[in-house]
Amino acid sequence: MATKQANRPAAKSDNGSAKKSVSKGQKQGNDSRLEEFFHDELKDIYWAEKHLVKTLPKLAKAASSEELKDAFTEHLEVTKEHVVRLEKVFGILGEQPQAKKCEAMDGITKEGESIIEDTEDGTSTRDVGLILAGQKAEHYEIATYGGLAQLAKTLGYEEVAGLLEQTLAEEKQADESLTELAENTINEQAGEEG
Ligand SMILES: [Fe+2]
């Protein structure tokens, strides 16, 4: 009995501090582990997008097909918008945009660079490799934005979810364009190179 009573004030003060953090969190969401995870993942994709802004011109330069060059150049412009959109997301969450190195995207882009080194300039075989590298990057982004948009909804950030879904749709579109390029021309041309 005495022990129970001794425990009660402690429990009360625990509740008190929890309440305090919720009301503090109402300005910027909830101070939960899920919230922290969400913010960390945003930093990760922010790094990835900024890294792609630097990588896409290299892919465009290395591509042989004019259409593929155009596809990478167009996606560069879209990617710059994705960076700005993420900055808007950080703003809505009351934070300064912060990037945290995304090892996955770093690996994917390194793989793209090694494709450039391992293939001959001006060949469709190189273009096939570049498309594959581009699609690996898109799929990583599709998985990330899809997951983050859902998480934003769970955390009650409807506006943020809308922005992330907008980017998600554009990543899917970029992926489809690359598939079309591969299916319609480039794979066949590469096959003819033997
Ligand atoms: Fe993007």
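Draft legend 1. Local environment of the confidence of the model for the chain. Mean pLDDT over the chain: 87, with 84% of residues reaching 70 or higher. The low-confidence segment residues 1-29 (pLDDT under 50) makes 12 contacts with residues lying over four places distant or belonging to another chain.

Draft legend 2. Representation of the environment of Val 83 in the model. With respect to the helices, strands and loops of the structure, Val 83 is situated in helix H3 (residues 66-92). According to the C-beta neighbour criterion, Val 83 is partly exposed, with 18 such atoms within 10 Å. In the structure, Val 83 is positioned 37 residues away from Tyr 46 in sequence and 6.5 Å away in space, judged by C-alpha atoms. For Val 83, the residues in contact, after removing those within four places along its chain, are Glu 49, Lys 50 and Val 53.

Draft legend 3. Highlighting the nonpolar core. Leu 42, Ile 45, Leu 68, Leu 130, Ile 131 and Leu 164 are the most contacted members of the largest nonpolar core, which totals 37 residues. Among all residues touching Leu 164, those that are not within four sequence positions of it are Tyr 145, Leu 148, Ala 149 and Ala 152.

Draft legend 4. Region of interest: helix H4 (residues 103-118). Compared with the 22 Å implied by 1.5 Å per residue over 16 residues, the 22 Å span of H4 between its first and last C-alpha is a close match. Of the residues making up H4, those classed as buried are Met 105, Ile 108, Thr 109, Gly 112 and Ile 115. Axial view of H4: buried residues confined to an arc of 105°, hence all on one face. Facing away from the buried side of H4 by over 90 degrees, the exposed positions are Glu 103, Gly 107, Lys 110, Ser 114, Glu 117 and Asp 118. Where the residues of H4 are buried, they touch helix H2 (33-62) and helix H5 (124-154).

Draft legend 5. Local environment of helix H6 (residues 158-193). Helix length check: H6, at 36 residues, gives a terminal C-alpha distance of 50 Å against a target of 52 Å (1.5 Å per residue), a fit within 8%. Maximum bend of H6: about 50°, positioned at Ala 182. As for H6, its buried residues are in contact with H3 and H5.

Draft legend 6. Structural detail: the packing of H2 against H3. The contact between H2 and H3 brings their axes to 9 Å, and the two run at 160°. It follows that H2 is roughly antiparallel to H3 by the angle criterion. Read as a crossing pair, H2 and H3 show a hand that is left-handed. Where H2 abuts H3, its residues Leu 42, Ile 45, Tyr 46, Glu 49, Lys 50, Leu 52, Val 53, Leu 56, Pro 57, Leu 59 and Ala 60 lie against Lys 69, Phe 72, Thr 73, His 75, Leu 76, Thr 79, Lys 80, His 82, Val 83, Leu 86, Val 89 and Phe 90. Its residues placed into classes, the contact of H2 with H3 shows 15 nonpolar, 4 polar and 4 charged.

About the thresholds
Residues numbered from 1 in each chain as written. Predicted model: local features only at pLDDT ≥ 70, side-chain atom pairs only at ≥ 80, totals over all residues. pLDDT = per-residue confidence, 0-100. Contact = placed C-beta atoms within 7 Å. Helix = DSSP H or I, 4+ residues; strand = E, 2+ residues; numbered from the N terminus. Buried ≥ 20, exposed ≤ 12 C-beta atoms within 10 Å, placed from the backbone. Core = buried A, V, L, I, M, F, W, Y, C linked by C-beta atoms within 7 Å. Expected span 1.5 Å × (residues − 1). Arc of directions from axis to C-beta. Bend = angle between axes of the 7 residues up to and from the residue. Axes fitted to C-alpha atoms, helices over the stretch in contact; angles between N-to-C directions. Parallel < 35°, antiparallel > 145°, perpendicular 65-115°, else oblique. Left-handed = near helix turned anticlockwise from the far one by under 90°. Nonpolar A, V, L, I, M, F, W, Y, C, P; charged D, E, K, R; others polar.

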